[in-house]
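Structural characterization, general
These are the residues of each chain, in order.
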Amino acid sequence: MQKNEMIRLKIEDMGVDGAGIGKYGGMTFFVKDAVIGDTVLAKIMKLKKTYGYARLTEIMEASPERVEPPCIYARPCGGCQLQQMSYQAQLRFKQKKIKDSLVRIGGFEETRIDAVLEPIVGMDKPFAYRNKAQFPIGTDAGGQAAAGFYAGRTHNIIANTDCALGVPQNKAILEAVLDYMKECGVPAYDEKSRKGLVRHVLIRYGFDSGELMVCVVVNGMRLPKEAELVKRLCETEGMKSISLNTNTEDTNVILGACTRVIWGEAAISDALYLRDTSSFERIGTKTVYRISPQSFYQVNPIQTEKLYSLALEYAGLTGTETVWDLYCGIGTISLFLARGAKQVFGVEAVPQAVEDARRNAERNGISNVEFLCGKAEEVLPEFYGQGKMEANMQYPDVIVVDPPRKGCDERCIETMLQMQAKRIVYVSCDPATLARDLRRLCDGGYELERVRGVDQFGQTVHVEVAVLLMRADT
Ligand code: SAH
């Protein structure tokens with residue numbers, strides 16, 4: 001067997017990143033864009049000892065789960081990995097991904113996982129669900145500024161202003177920015193030479209409020225003729241906030257530290273509603289949130305309502321509990337919890353998000369919540385170690401964590417174990433780090449009670465998971 005050889009294989013499984021997996025000549029091959037059940041012709045691109053990578057060249061027999069991707073860029077674009085699969089098959093893939101992580105990485109018994117893992121909560125409409133888009137700006141082959149997405153594993157821009165996962169408003173906004181750049185001779189940023197100005201355009205849309213925010217990320221403090229940019233954008237229906245963010249670093253991180261409003265407000269607002277966790281219908285209570293460009297806010301608001309409603313159910317609140325919400329962002333989950341608890345403490349590392357969180361509490365008339373700014377792994381041990389919790393009776397009955405993909409810091413987990421809350425609700429966007437952290441928590445005296453995936457990211461391999469842990473001795 002050698003590189004460039006064409007092989008024919010049946011796809012029998014899929015890896016965590018969505019690549020089809022098949023066997024040929026005793027070796028395992030990963031074939032991107034192939035679907036379980038396909039028989040494909042593929043070209044060997046890379047060979048290792050026991051496995052290799054092959055490029056899909058022809059589908060000999062299509063899987064019954066294969067569908068025609070609605071977006072013509074589905075294959076080259078790095079954003080979606082599963083558009084060629086029916087949505088039901090995507091959900092099965094994600095359910096299996098959660099289970100496999102817990103068994104393989106977390107070391108949990110398969111029978112235990114089968115007993116606690118509930119069916120994944122899918123989306124009603126798995127397209128046009130994102131309230132946020134961050135389009136990289138670059139230069140196309142003809143030297144013109146272009147907006148779009150990175151091709152898988154590269155920083156080459158595929159020009160596309162109308163992503164199928166985003167809201168329809170994105171297109172006109174991006175075209176207005178590109179138009180401004182062209183007319184005013186404003187160059188796109190070039191990662192290689194580190195010259196040029198416009199790096200990214202961040203667009204956020206409040207599904208409930210109808211409010212729009214545009215934040216242009218610039219390799220510098222200002223843009224030439226900013227008024228021209230404002231003129232093109234400010235009349236868009238719903239436009240509330242136009243800002244410039246400065247990022248002059250040589251980094252893949254999109255936003256820099258400084259944001260300056262050039263028109264309108266510094267933030268937009270949106271609202272989330274509590275849902276019944278059996279029917280997932282909205283049941284009234286509405287919480288309003290202020291969202292700054294720098295703050296984290298879940299990208300799929302409909303599924304977020306389902307996720308938070310589940311997290312709230314898992315918290316099992318009766319009104320007497322003290323709850324710590326770690327990695328709380330703008331207080332989204334904290335405020336859901338506060339209505340059912342005695343007192344909530346939120347911990348968040350990004351100062352703008354904490355500022356948003358405090359204002360959000362006030363705006364919703366919620367006074368039994370306090371936000372602390374700092375890293376969870378520093379704030380929590382400090383409170384616990386200095387006896388501050390003891391003095392103020394702030395021992396948690398429930399701890400909620402919702403960390404970024406890398407999961408919880410070791411120190412954070414250790415302190416959580418020392419605090420001995422009855423319940424821990426873990427909300428995760430990465431089943432692998434979730435499984436690792438659950439293992440540590442279960443080794444420290446907790447038991448896995450409930451696990452449920454909520455699909456926030458249709459067409460991609462990502463999945464959100466809510467978990468309830470309870471102390472084994474309660
Ligand atoms: N619970 C919120 C935010 C979840 S995203 C929501 O659902 O909207 C994770 C959050 O953790 C982000 O707001 C990020 O800024 C914050 N964060 C990242 N590392 C952190 C750390 N070490 N300590 C505290 N917060 C952190």
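Here the structure is a predicted model, which is why all the values come from computation and not from measurement. (Residues numbered from 1 in each chain as written. Predicted model: local features only at pLDDT ≥ 70, side-chain atom pairs only at ≥ 80, totals over all residues. Heavy atoms only, no water.)

1. A look at the pattern of salt bridges
A side chain with one charge can pair with a side chain of the opposite charge if their charged atoms come near. Summed over the entire model, instances satisfying the criterion amount to 31 salt bridges. Asp114 is the partner of Lys99 in a salt bridge, and the nearest nitrogen-oxygen pair spans 3.0 Å. Residue Lys99 is located in helix H1 (residues 87–105), and its partner Asp114 is located in helix H2 (residues 110–116); the two are separated by 15 residues in the primary sequence. Residue Asp114 is classed as partly exposed on the basis of its relative accessible area, which comes to 45%. Across the pair Arg439 and Asp443 runs a salt bridge, and its minimum N-O distance is 2.8 Å. On the criterion of helical spacing, the pair formed by Arg439 and Asp443 is a turn pair, its members being four residues apart in helix H11 (residues 431–443). The class for Arg439 is partly exposed, based on a relative accessible area of 25%. (Salt bridge = Lys/Arg side-chain N within 4 Å of Asp/Glu carboxyl O. Helix = DSSP H or I, 4+ residues; strand = E, 2+ residues; numbered from the N terminus. Buried < 20%, exposed > 50% of the residue type's maximum accessible area, 1.4 Å probe, protein only.)

2. Some thoughts on the packing of aromatic side chains
Counting across every chain of the model gives 10 aromatic pairs. Aromatic pair Tyr308 and Phe336: ring centres 5.7 Å apart, planes at 75 degrees, arrangement edge-to-face. Here Tyr308, found in helix H5 (residues 301–315), pairs with Phe336, found in helix H6 (residues 332–338); they are 28 residues apart in sequence, far enough to count as distant. The pair Tyr308 / Phe336 is uniform in exposure class, with both members buried. Between Trp324 and Phe345 the ring centres are 4.9 Å apart and the planes differ by 25 degrees, which places this aromatic pair in the stacked class. Of this pair, Trp324 sits in strand S16 (residues 322–326) while Phe345 sits in strand S17 (residues 343–348), and the two are 21 residues apart along the sequence. Within the aromatic cluster, the residues linked to one another by ring pairs are Phe30, Tyr51 and Tyr53. Just above the ring of Phe108 sits the side chain of Arg439; from NZ or CZ to the centre is 4.4 Å. We note Arg471 situated over the ring of Tyr446; from NZ or CZ to the ring centre the distance is 5.2 Å. (Phe/Tyr/Trp six-rings, centres within 6.5 Å; stacked < 30°, edge-to-face > 60°. Lys NZ or Arg CZ within 6 Å of the ring centre and 35° of its normal.)

3. Remarks on the pairing of strand S1 (residues 6–14)
The sheet contact formed by S1 and strand S4 (residues 39–47) spans five bridges and is antiparallel. Bridged to Leu9 within S4 is Val40. As paired strands, S1 and strand S2 (residues 20–24) are joined by three bridges and run antiparallel to one another. Following the sheet pairing, Ile11 is matched in S2 by Gly22. Joining the antiparallel neighbours S1 and S2 is a turn of five residues, in which Gly18 adopts a positive phi near 95 degrees. (Pairing = 2+ DSSP bridges.)

4. Focus: a negative patch on the surface
A surface patch of like charges, here negative, comprises Asp190, Glu191, Glu249 and Asp250. Mapped onto the fold, Glu191 is located in the loop between helix H3 (169–183) and strand S10 (198–205). (Patch = residues over 30% accessible without salt bridge, like charges linked within 9 Å, V, L, I, M, F, W, Y side chains within 5 Å. Areas by Shrake-Rupley, 256 points an atom, 1.4 Å probe, with all protein chains shown as cover. Lys, Arg positive; Asp, Glu negative; His and termini not counted. Charge placed at Lys NZ, Arg CZ, Asp CG, Glu CD.)

5. What about a positive patch on the surface?
A surface patch of like charges, here positive, comprises Lys3, Lys43, Lys46, Lys48 and Arg55. Among the structural elements, Arg55 can be located in strand S5 (residues 51–61).

6. Structural notes on the site of the ligand
Lining the immediate surroundings of the ligand are 17 residues, of which Tyr308, Thr332, Glu348, Ala376 and Asp402 lie closest. At 2.9 Å, a side-chain N or O of Asp402 approaches a nitrogen atom of the ligand. In the complex, the protein chains occlude 90% of the 570 Å² of accessible area that the ligand would expose alone. At the level of secondary structure, the elements contributing two or more residues to the shell around the ligand comprise H6 and helix H8 (376–385). (Near = heavy atom within 4 Å. Polar contact = N/O pair within 3.5 Å; in protein donor to acceptor, adjacent residues only side chain to side chain.)

7. Some words on H8
Burial in H8 covers these residues: Ala376, Glu377, Val379, Leu380 and Phe383. Among the residues trailing H8, Gly387 stands out with phi positive, at a value near 70 degrees.

8. Description of the sheet that holds strand S6 (residues 117–121)
Read across the sheet, eight strands follow the order S6-S21-S22-S20-S19-S16-S17-S18 without closing on themselves; strand pairing throughout is mixed. Strand pairing shows two members of the sheet lacking a second neighbour, S6 and strand S18 (369–373), which therefore form its edges. Each strand axis lies, on average, 15 degrees off the axis of its neighbour in the sheet, ignoring direction. Across three bridges, the pairing between S6 and strand S21 (residues 446–454) is parallel. Residue pairing across strands places Leu117 opposite Val451, the latter belonging to S21. Of the strands in this sheet, S6, S21 and strand S22 (464–471) touch H1, which is tilted by about 145 degrees from S6. (Axes fitted to C-alpha atoms, helices over the stretch in contact; angles between N-to-C directions. Contact = heavy atoms within 4.5 Å.)

9. Brief notes about the nonpolar core
Ranked by size, the top nonpolar core spans 86 residues in total, and within it Leu223 and Leu326 carry the most contacts. If one sorts the elements of this core by residue count, H3 sits on top with seven residues. Counting contributing residues per domain, this core is built from domain 2 (132–266) and domain 3 (300–471), each supplying no fewer than three. When neighbours within four sequence positions are excluded, Leu223 is seen to be in contact with Tyr180, Val186, Leu197, Val198, Val216, Val218, Leu229 and Leu244. Within the second largest apolar cluster, 40 residues are counted, among which are Leu312, Ile330, Leu337 and Ala357. (Core = buried A, V, L, I, M, F, W, Y, C linked by side-chain atoms within 4.5 Å. Domains from an automatic or database assignment.)

10. Notes on the sheet that holds strand S8 (residues 145–150)
The sheet built from seven strands is open, its strands ordered S9-S8-S7-S10-S11-S12-S13 with mixed pairing. In the strand order of this sheet, the two ends are held by strand S9 (157–159) and strand S13 (258–264), each with one partner. Geometrically, the sheet is characterised by an average inter-axis angle of 35 degrees between neighbouring strands, direction not taken into account. Contacts between H3 and the sheet are confined to strand S7 (132–139), S8, S10, strand S11 (212–218) and strand S12 (239–246), with S10 contributing the most and set at about 150 degrees to the helix.

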